[in-house]
Amino acid sequence: MALVAVVGIGTVVMLLVATMVAVATSGARVTSTDRAWNRAIAAAYAGVADYQSRLNADNTYGNYGDPAAPFSHASLSNFPKGLGGNPAFSDQAGQPWVTVPTGDGTGSDSSFRYAVDNSKLSSQGVIRLQSTGRSGNTTRTVIANVRPDGFSNYLYFTNYESGDPTVTNETSTGTTPCTSAYRPVATAATCDQIQFGGNDVLEGPVRSNDQIKVCGAQFKSTVQSVFGVSSSGCTVGRYASNPTTSSTLTPPATIGNLRDFTRTDLPSTTGTVEGAGCLYTGPTKIVFNGDGTMTVRSPMTIFSQVTGATPTAGAVITGGDTTTSEAKCGPVAALRSSTGARVAIPKNNLIFVQNEPAARPGPVQDPNYWKGNAQLKSTATACDATSAAGGPNGATTLKANGVGYPYVGSSTATSEVDPTAGAGAAVTNPYGCDRGDAFVQGTVDKAVTIAAENYLYVTGDIKYPTTRSASTILGLIGQRAVWVWNPINPSNGAILPNDREIDAAILSNSGTFVVQNWTRGSSAGRGTLTVSGSIAQNFRGAVGLASGQGYDKSYKFDPSLSTYTPPKFPQPTVTTYRVATEVESKTAYDGNGAPIT
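Calculation rules
Residues numbered from 1 in each chain as written. Predicted model: local features only at pLDDT ≥ 70, side-chain atom pairs only at ≥ 80, totals over all residues. Heavy atoms only, no water. 1 Å grid on protein atoms, 1.4 Å probe; cavity = no way out; pocket = protein on both sides within 12 Å on 5 of 7 lines; lining within 4 Å. Points joined across faces, edges and corners; volume = space filled by probe spheres on them. Nonpolar A, V, L, I, M, F, W, Y, C, P; charged D, E, K, R; others polar. Buried < 20%, exposed > 50% of the residue type's maximum accessible area, 1.4 Å probe, protein only. Helix = DSSP H or I, 4+ residues; strand = E, 2+ residues; numbered from the N terminus. Pairing = 2+ DSSP bridges. Phe/Tyr/Trp six-rings, centres within 6.5 Å; stacked < 30°, edge-to-face > 60°. Lys NZ or Arg CZ within 6 Å of the ring centre and 35° of its normal. Axes fitted to C-alpha atoms, helices over the stretch in contact; angles between N-to-C directions. Disulfide = S-S within 2.5 Å. Core = buried A, V, L, I, M, F, W, Y, C linked by side-chain atoms within 4.5 Å. Contact = heavy atoms within 4.5 Å.

Draft legend 1. The arrangement of empty space enclosed by the protein in detail. This structure, assessed with the given rule, holds one cavity of 30 Å³ or more. Surrounding the largest cavity, Ile302, Phe303, Ser304, Asp321, Thr322, Ser325, Glu326, Gly330 and Val332 form its lining. Of the residues belonging to the lining of the largest cavity, the class tally is three nonpolar, four polar and two charged.

Shown next as structure tokens:
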């Protein structure tokens, strides 16, 4: 009986031991699998970091890649610079992976490879990266959107915290124009610093290359400035987090290179889905109709798409192209008519409004030089008019510009007088008859950028529809200034209704964003200027006075700008790239490196 009991107990013990061994072995296998699973995703993220570092070292790295990679091929991406010797672009079984180094620099059992979609690089500044990590035979894939740290990443960016003397005509003493300088080196001759007032609310990141003056304003996101924040002599601002210092972002000196996007002889336009954009000459009025179309009046335009003396970027413009331009940008006869041309918005593309080209030495003139055109040189334009705009009772002394500005109503009370840029200083030639001025309003439902070589005026609300997709982004660029049109009559009364809303990414690379006549009108004010998007400018532009004239600010960052950039939008002269979004996706390659279909 004792022997039977011992054998029974021994059997039970053996079963327990066997069970414990089996459980331990299974746990070891699970732990090993979990380790490979986690290391594979970490390797995929390492691939994203590797590509980001290459972009920051070379801002043209988006032009490197393998068009045969399944991810790149599906988007019809083009890589004129080839592979650049980077093994991470491998896309077939048996081809190498890039090993992820350990902390001491030696190789690990993890590796990565990636493929690039640069199809939206030129149109919206976004690179999509597919990065696959491998550990053992386990692979995992992430998709990241990588984009530059540009002006539209900030609700409010300014180079100088003072006004633009070429726009405001501000003086330091007598008739001597004030000078531009950052506040730490400002002198008595430096233009006055503009402040954020107590009623201003900014919901988005703010950045400046200067010192910011804050007098009670509220900031609901980050505030960065090269020279800090001052509230000297006024109420301290309200911040979501303490302001920090930052490096400098430098605006480009000119937007003239954007004109190349309207050429039909460059691979940068002909080799893209969006093709060439639209070029208009002289004062141009654009109304977005909210149905995918826009109505354009541009009396001085001769050719809306052009070619260069050579098929190279920056070449002198010598020819006009009518092959597709009239269908895309509007028949010239309609553009010059009183009703304008109704055409589809050039999606993911650029509209460039240029000054009338000047005469050149020699026989070859710019195709949009009006007086150089044999058929048109004797046809009158707004510039040929010798009389003033002719407002009732002398309401204005300005010439008409051909598209309805200055505004002449039915009486003195509804007619515009010469506009000012604050402090009573008149604006020099505000509605030039041959200047590249764009006058814009309406409901925009396609991604597009309007760039004006001179001024861009916001003449009414500019809004997105309620059905807007995240990638529908409007860019507004006025090289010398972006004006909020605010006409005043001879009795110092406002002509337009109160309040203004602008949904767009706004840029004035060499000038300012400013409200016309912001020091004039009733002390009850003009209501609220609402901007949903971003504002970037070389100089600060005022929108109102603490005493009540002008507008209060209500600025809110558009979250779509965290992912998308307006088409063809200029970038800082030196920039870094950041990862905007990063999500795991279907695995792209197996452990042997073969694509998974």
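Next comes the rest of the write-up.
Draft legend 2. Structural context of the pairing of strand E3 (residues 127-135). E3 sits mainly inside the fold: eight of its nine residues count as buried. Pairing geometry for strand E2 (residues 107-117) and E3, over eight bridges, is antiparallel. Its bridge partner being in E3, serine 111 is matched across the sheet by arginine 134. Where E3 lies against strand E4 (residues 138-148), nine bridges are found, and the strand directions are antiparallel. The partner of glycine 133 across the bridge, within E4, is arginine 140. Hairpin remark: E3 followed by E4, antiparallel, with two residues in the connecting loop; positive phi at glycine 136, about 65 degrees.

Draft legend 3. Highlighting the packing of aromatic side chains. Per the counting criterion, the structure on display carries 25 aromatic pairs. Measuring from centroid to centroid gives 4.7 Å for tyrosine 61 and tyrosine 64, while their planes differ by 25 degrees, and the two rings are stacked. For the pair tyrosine 455 and tyrosine 457, a centre-to-centre distance of 6.0 Å together with 85 degrees between the ring planes defines the contact as edge-to-face. The exposure class assigned to tyrosine 455 is buried, which follows from its relative accessible area of 1%. An aromatic cluster is present here, built from Tyr405, Tyr407, Tyr431, Phe439, Tyr455, Tyr457, Trp483 and Trp485 joined pairwise through their rings. The ring of tryptophan 97 carries arginine 113 above its face, with NZ or CZ at 4.4 Å from the centroid. Between the NZ or CZ atom of arginine 468 and the centre of the ring of tyrosine 464, over which it lies, the distance is 3.9 Å.

Draft legend 4. Region of interest: the sheet that holds strand E8 (residues 195-196). Spatial ordering of the open sheet is given by E8-E11-E14, a layout of three strands whose pairing is parallel. Two strands close off the open sheet at either side, each with one partner strand: E8 and strand E14 (229-230). Judged from the two bridges that link them, E8 and strand E11 (residues 212-214) form a sheet pairing that is parallel. When the bridges of E11 are listed, glutamine 195 appears paired with lysine 213.

Draft legend 5. Main features of the sheet that holds E4. Ordered in space as E1-E2-E3-E4-E32, the five strands form an open sheet in which the pairing is antiparallel. In this open sheet, the two strands that pair with only one neighbour each are strand E1 (98-101) and strand E32 (577-585). Along the sheet, successive strands turn relative to each other by an average axial angle of 35 degrees, direction set aside. In this sheet, E2 lies alongside E1 in antiparallel orientation, the contact comprising three bridges. Following the sheet pairing, threonine 99 is matched in E2 by serine 111.

Draft legend 6. Quick peek at the state of the cysteines. Considering all chains together, one arrives at four disulfides under this definition. Here cysteine 215 engages in a disulfide with cysteine 234; their sulfurs sit 2.1 Å apart. On the sign convention where negative means left-handed, the S-S torsion of about -75 degrees between cysteine 215 and cysteine 234 marks this disulfide as left-handed. Of this pair, cysteine 215 sits in the loop between E11 and strand E12 (218-219) while cysteine 234 sits in the loop between E14 and strand E15 (238-239); the two residues are 19 residues apart in sequence, bridging distant segments of the chain. Between the sulfur atoms of cysteine 383 and its disulfide mate cysteine 433 the distance is 2.1 Å. With the S-S dihedral at roughly 110 degrees, the linkage between cysteine 383 and cysteine 433 falls on the right-handed side.

Draft legend 7. Up close: the nonpolar core. Formed by 87 residues in total, the largest nonpolar core has its most connected members in Phe288, Leu476, Phe513, Leu529 and Tyr555. With eight residues, strand E29 (residues 500-515) is the single largest residue contributor to this core. Listed in part, the 22 residues of the second largest apolar core include Ala88, Phe89, Ile127 and Val142.

Draft legend 8. Seen up close, the side chain of serine 77. By the element assignment, serine 77 lies in the loop between helix H2 (70-74) and E1. A residue is classified by how much of its surface remains accessible, and serine 77, at 7% relative accessible area, is buried. Excluding residues that lie within four positions of it along the chain, serine 77 makes contacts with Pro67, Ser72, Val116, Asp117, Asn118 and Ser119.

Draft legend 9. Quick look at the side chain of threonine 449. Structurally, threonine 449 can be placed in strand E25 (residues 448-452). With relative accessibility at 0%, the residue threonine 449 sits in the buried group. Contacts of threonine 449, omitting those with residues within four sequence positions, involve Asn349, Leu350, Ile351, Gly475, Ile477, Pro566, Pro567 and Phe569.

Draft legend 10. Quick peek at the layout of surface pockets. Empty space within the largest pocket amounts to approximately 1,400 Å³. Taken together, 46 residues form the lining of the largest pocket, with Asn63, Leu121, Ser122, Ser123 and Phe261 sitting closest to its centre. Among the elements of the structure, helix H3 (121-124) and helix H5 (267-270) are those that each provide at least two residues to the lining of the largest pocket. No other element matches H3, which puts four residues into the lining of the largest pocket. Class assignment of the residues belonging to the lining of the largest pocket gives a composition of 18 nonpolar, 23 polar and five charged. The computed volume of the second largest pocket comes to approximately 740 Å³. Along its surface, the second largest pocket is lined by 39 residues, and Trp518, Ala542, Gly544, Leu545 and Ala546 are the ones closest to its centre.

Scope: geometric values only; no functional claims are made or implied.
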